[in-house]
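# Structure assessment
Listed here are the chains, written in short residue letters.
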Amino acid sequence: MIYNHFSTVAPDASQPAVITPDGTTTWADLRTLVSQRYEQLETVRGRSVAILMPPTAEGIAAIAALDGLNANTYLLAAELKEIDQQEIARRFGIPFVLTPPTNTDQSWNIQRIGVSESAEAKVDNNSTSVTIMTSGTEGNAKAASHTWSTLGRPVRTSSSQKVQRWLLSYRV
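Residue positions are counted from 1 within each chain, in the order its sequence is given. Selection of residues for local features in this predicted model requires a pLDDT of at least 70, selection of side-chain atom pairs for listing and counting requires 80 or more, and totals for whole chains, interfaces and linings are taken over all residues. Side-chain measures were taken over the full set of non-hydrogen atoms in the model, leaving aside hydrogen atoms and water.

### Section: the overall build of the chain
This is how it is decided: Per the convention used, a helix needs a DSSP run of H or I reaching at least four residues, while a strand needs a run of E reaching at least two, with both numbered from the N terminus. Residues count as neighbours in contact if any of their non-hydrogen atoms are within 4.5 Å of one another. Using a 1.4 Å probe, accessible areas were evaluated by the Shrake-Rupley method; residue-level cover was limited to the displayed protein chains.
When helices and strands are counted, the chain shows five helices and 10 strands. Long-range contacts, defined here as pairs at least 24 residues apart, represent 57% of the contacts in the chain between residues at least 6 apart. Looking at the chain as shown, the accessible area adds up to about 10100 Å², and 50% of this sits on carbon and sulfur atoms.

Put into C-alpha coordinates, the structure is as follows:
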(Lines give C-alpha, C1' and ligand atoms only; values in the text may rest on other atoms or scores of the structure.)
Protein backbone atom coordinates (compact mmCIF):
# COMPACT_ATOMS: atom_id res chain seq x y z
CA MET A 1 0.00 0.00 0.00
CA ILE A 2 2.65 2.56 1.01
CA TYR A 3 5.13 1.37 -1.61
CA ASN A 4 2.48 1.56 -4.34
CA HIS A 5 1.52 5.03 -3.17
CA PHE A 6 4.95 6.31 -4.15
CA SER A 7 4.52 4.77 -7.61
CA THR A 8 1.00 6.03 -8.31
CA VAL A 9 0.64 9.37 -6.54
CA ALA A 10 2.41 12.12 -8.44
CA PRO A 11 2.56 15.32 -6.43
CA ASP A 12 4.96 17.99 -7.61
CA ALA A 13 8.39 16.40 -7.16
CA SER A 14 9.79 19.60 -5.67
CA GLN A 15 7.12 19.78 -2.95
CA PRO A 16 7.96 18.69 0.62
CA ALA A 17 7.07 15.08 1.39
CA VAL A 18 8.61 14.73 4.86
CA ILE A 19 9.41 17.53 7.27
CA THR A 20 11.43 16.74 10.40
CA PRO A 21 13.63 18.73 12.75
CA ASP A 22 16.56 17.48 10.63
CA GLY A 23 15.20 19.08 7.47
CA THR A 24 12.78 18.78 4.58
CA THR A 25 12.76 15.97 2.01
CA THR A 26 11.05 16.50 -1.34
CA TRP A 27 8.90 13.89 -3.09
CA ALA A 28 11.67 13.38 -5.66
CA ASP A 29 14.27 12.74 -2.94
CA LEU A 30 11.91 10.47 -1.01
CA ARG A 31 11.18 8.37 -4.10
CA THR A 32 14.93 8.01 -4.66
CA LEU A 33 15.41 6.91 -1.03
CA VAL A 34 12.56 4.38 -1.33
CA SER A 35 14.11 2.91 -4.48
CA GLN A 36 17.54 2.66 -2.83
CA ARG A 37 16.13 1.01 0.29
CA TYR A 38 14.06 -1.42 -1.79
CA GLU A 39 17.25 -2.65 -3.47
CA GLN A 40 19.27 -2.71 -0.25
CA LEU A 41 16.66 -4.58 1.80
CA GLU A 42 15.90 -7.25 -0.84
CA THR A 43 17.36 -9.95 1.46
CA VAL A 44 14.36 -9.64 3.82
CA ARG A 45 11.72 -10.05 1.07
CA GLY A 46 8.76 -12.03 2.39
CA ARG A 47 10.22 -12.31 5.91
CA SER A 48 9.34 -10.86 9.31
CA VAL A 49 11.53 -7.94 10.28
CA ALA A 50 11.70 -5.49 13.18
CA ILE A 51 12.74 -1.95 12.31
CA LEU A 52 14.05 0.64 14.73
CA MET A 53 11.95 3.42 13.30
CA PRO A 54 13.61 6.82 13.29
CA PRO A 55 11.27 9.81 12.75
CA THR A 56 13.02 10.71 9.50
CA ALA A 57 12.64 10.47 5.74
CA GLU A 58 15.04 7.51 5.93
CA GLY A 59 12.59 5.71 8.24
CA ILE A 60 9.64 6.43 5.92
CA ALA A 61 11.64 5.18 2.92
CA ALA A 62 12.58 1.97 4.73
CA ILE A 63 9.02 1.08 5.77
CA ALA A 64 7.78 1.85 2.24
CA ALA A 65 10.46 -0.45 0.81
CA LEU A 66 9.59 -3.21 3.31
CA ASP A 67 5.95 -2.89 2.27
CA GLY A 68 6.96 -3.35 -1.38
CA LEU A 69 9.06 -6.38 -0.41
CA ASN A 70 6.05 -8.01 1.33
CA ALA A 71 7.84 -8.08 4.66
CA ASN A 72 5.86 -8.31 7.88
CA THR A 73 7.14 -5.21 9.63
CA TYR A 74 7.36 -4.70 13.39
CA LEU A 75 7.81 -1.02 14.29
CA LEU A 76 10.11 -0.47 17.27
CA ALA A 77 11.26 2.72 18.95
CA ALA A 78 14.52 3.99 17.46
CA GLU A 79 16.13 4.29 20.90
CA LEU A 80 15.34 0.71 22.01
CA LYS A 81 18.37 -0.94 23.62
CA GLU A 82 19.94 -3.87 21.78
CA ILE A 83 19.13 -6.36 24.54
CA ASP A 84 15.45 -5.34 24.34
CA GLN A 85 15.49 -5.58 20.52
CA GLN A 86 16.76 -9.14 20.73
CA GLU A 87 14.27 -10.11 23.43
CA ILE A 88 11.34 -8.82 21.35
CA ALA A 89 12.68 -10.50 18.21
CA ARG A 90 12.99 -13.88 19.96
CA ARG A 91 9.63 -13.54 21.72
CA PHE A 92 7.75 -12.83 18.49
CA GLY A 93 9.83 -14.98 16.12
CA ILE A 94 11.38 -12.11 14.16
CA PRO A 95 14.59 -13.22 12.43
CA PHE A 96 15.86 -9.76 11.42
CA VAL A 97 16.30 -6.40 13.15
CA LEU A 98 17.02 -3.34 11.03
CA THR A 99 18.86 -0.38 12.51
CA PRO A 100 19.07 2.95 10.70
CA PRO A 101 22.10 4.23 8.86
CA THR A 102 24.65 6.26 10.77
CA ASN A 103 26.16 9.48 9.52
CA THR A 104 29.18 7.57 8.20
CA ASP A 105 27.30 4.61 6.72
CA GLN A 106 24.33 5.24 4.43
CA SER A 107 22.84 1.74 4.52
CA TRP A 108 20.58 0.00 7.02
CA ASN A 109 22.21 -2.59 9.27
CA ILE A 110 20.42 -5.94 8.85
CA GLN A 111 21.07 -7.99 11.98
CA ARG A 112 20.17 -11.68 11.92
CA ILE A 113 18.76 -12.80 15.28
CA GLY A 114 19.18 -16.42 16.35
CA VAL A 115 15.56 -17.38 15.77
CA SER A 116 15.13 -20.98 14.60
CA GLU A 117 13.22 -21.50 11.37
CA SER A 118 10.46 -23.34 13.26
CA ALA A 119 10.08 -20.38 15.65
CA GLU A 120 10.08 -17.76 12.89
CA ALA A 121 6.84 -15.85 12.46
CA LYS A 122 5.20 -17.03 9.24
CA VAL A 123 4.49 -14.54 6.47
CA ASP A 124 1.45 -14.70 4.21
CA ASN A 125 2.64 -12.85 1.10
CA ASN A 126 -0.97 -12.12 0.16
CA SER A 127 -1.56 -10.26 3.41
CA THR A 128 1.56 -8.73 4.92
CA SER A 129 1.26 -6.86 8.18
CA VAL A 130 2.65 -3.97 10.15
CA THR A 131 2.86 -4.57 13.88
CA ILE A 132 3.16 -2.01 16.63
CA MET A 133 4.23 -2.82 20.14
CA THR A 134 1.96 -1.66 22.95
CA SER A 135 2.58 -1.75 26.69
CA GLY A 136 -0.23 -4.24 27.21
CA THR A 137 -2.61 -4.15 30.15
CA GLU A 138 -0.08 -5.76 32.49
CA GLY A 139 2.98 -3.80 31.37
CA ASN A 140 4.41 -6.58 29.19
CA ALA A 141 5.02 -5.77 25.54
CA LYS A 142 2.14 -6.88 23.35
CA ALA A 143 2.07 -6.99 19.56
CA ALA A 144 -0.90 -5.44 17.75
CA SER A 145 -0.85 -6.52 14.08
CA HIS A 146 -2.47 -4.46 11.35
CA THR A 147 -2.33 -3.74 7.68
CA TRP A 148 -1.36 -0.21 6.68
CA SER A 149 -5.05 0.44 6.01
CA THR A 150 -6.28 -0.73 9.42
CA LEU A 151 -3.48 1.04 11.28
CA GLY A 152 -4.95 4.41 10.28
CA ARG A 153 -8.61 3.59 10.92
CA PRO A 154 -10.49 4.53 14.10
CA VAL A 155 -9.99 2.13 16.99
CA ARG A 156 -13.14 3.07 18.84
CA THR A 157 -15.80 5.69 18.41
CA SER A 158 -18.69 6.59 20.63
CA SER A 159 -20.56 9.69 21.65
CA SER A 160 -18.66 9.75 24.96
CA GLN A 161 -15.18 9.32 23.46
CA LYS A 162 -13.22 11.12 20.81
CA VAL A 163 -12.12 9.09 17.80
CA GLN A 164 -8.98 7.14 18.69
CA ARG A 165 -6.55 5.74 16.15
CA TRP A 166 -3.68 3.26 16.35
CA LEU A 167 -1.56 5.60 14.24
CA LEU A 168 -2.02 9.24 13.44
CA SER A 169 -0.19 10.80 10.54
CA TYR A 170 -0.90 14.08 8.85
CA ARG A 171 0.36 16.46 6.23
CA VAL A 172 1.82 19.79 7.27
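Read on, since the account is not over.
### Things to note about the pattern of salt bridges
Applicable threshold: Here a salt bridge means any side-chain nitrogen of Lys or Arg lying within 4 Å of a carboxyl oxygen belonging to Asp or Glu. Here's how the labels work: a residue is buried when its accessible area is under 20% of the maximum for its type, exposed when over 50%, partly exposed in between, all with a 1.4 Å probe on protein chains only.
Under the counting rule described, the total for this entry stands at two salt bridges. Measuring nitrogen to oxygen at the nearest pair gives 2.4 Å for the salt bridge that ties Arg37 to Glu58. Of this pair, Arg37 sits in helix α2 (residues 27–40) while Glu58 sits in helix α3 (residues 57–68), and the two are 21 residues apart along the sequence. Here Arg37 matches Glu58 in class, with each residue buried. With a shortest N-O distance of 2.7 Å, Glu42 and Arg45 are connected by a salt bridge. A relative accessible area of 35% places Arg45 in the partly exposed class.

### Remarks on the pairing of strand β3 (residues 48–53)
Inclusion rule: A pair of strands counts as paired when DSSP detects no fewer than two bridges linking them. Crossover handedness is defined by viewing with both strands directed away from the observer: a clockwise path from the first strand over the helix to the second marks the crossover as right-handed.
Burial of β3 is extensive: five of the six residues sit out of reach of the surface. The pairing of β3 with strand β4 (residues 72–77) spans six bridges and is classified as parallel. The residue of β4 that forms the bridge with Ala50 is Tyr74. After leaving β3, the chain enters α3 and then returns to the sheet as β4, a path that is right-handed. Note that β3 and strand β5 (residues 96–99) share three bridges and pair parallel. Counterpart to Ala50 in the pairing with β5 is Val97.

### Some words on the pairing of β4
Working note: regular strand, side chains alternate between the two faces of the sheet. For β4, the buried fraction is high: five of the six residues fall into the buried class. Here β4 runs beside strand β7 (residues 130–134); their pairing, made up of three bridges, is parallel. What sits directly across from Leu75, in β7, is Ile132.

### Notes on the side chain of Gln85
In this fold, Gln85 is placed in helix α4 (residues 82–92). Judged by relative accessible area, which is 6%, Gln85 ranks as buried. The residues contacting Gln85, other than those within four sequence positions of it, are Leu52, Leu80, Val97, Thr99 and Gln111.

### Here's the deal with the environment of Arg112
How we decide: The definition of a polar contact used here is a pair of N or O atoms within 3.5 Å, where within protein one atom must be able to donate a hydrogen and the other to accept one, and adjacent residues in sequence count solely through side-chain atom pairs.
The residue Arg112 is located in strand β6 (residues 109–112) in this model. Sequence separation between Arg112 and Val49 is 63 residues, and the spatial gap between their C-alpha atoms is 9.6 Å. Residues in contact with Arg112, not counting those within four places in the same chain, are Arg47, Pro95 and Phe96. Here the side chain of Arg112 touches Pro95 through a polar contact of 3.5 Å, landing on its backbone oxygen.

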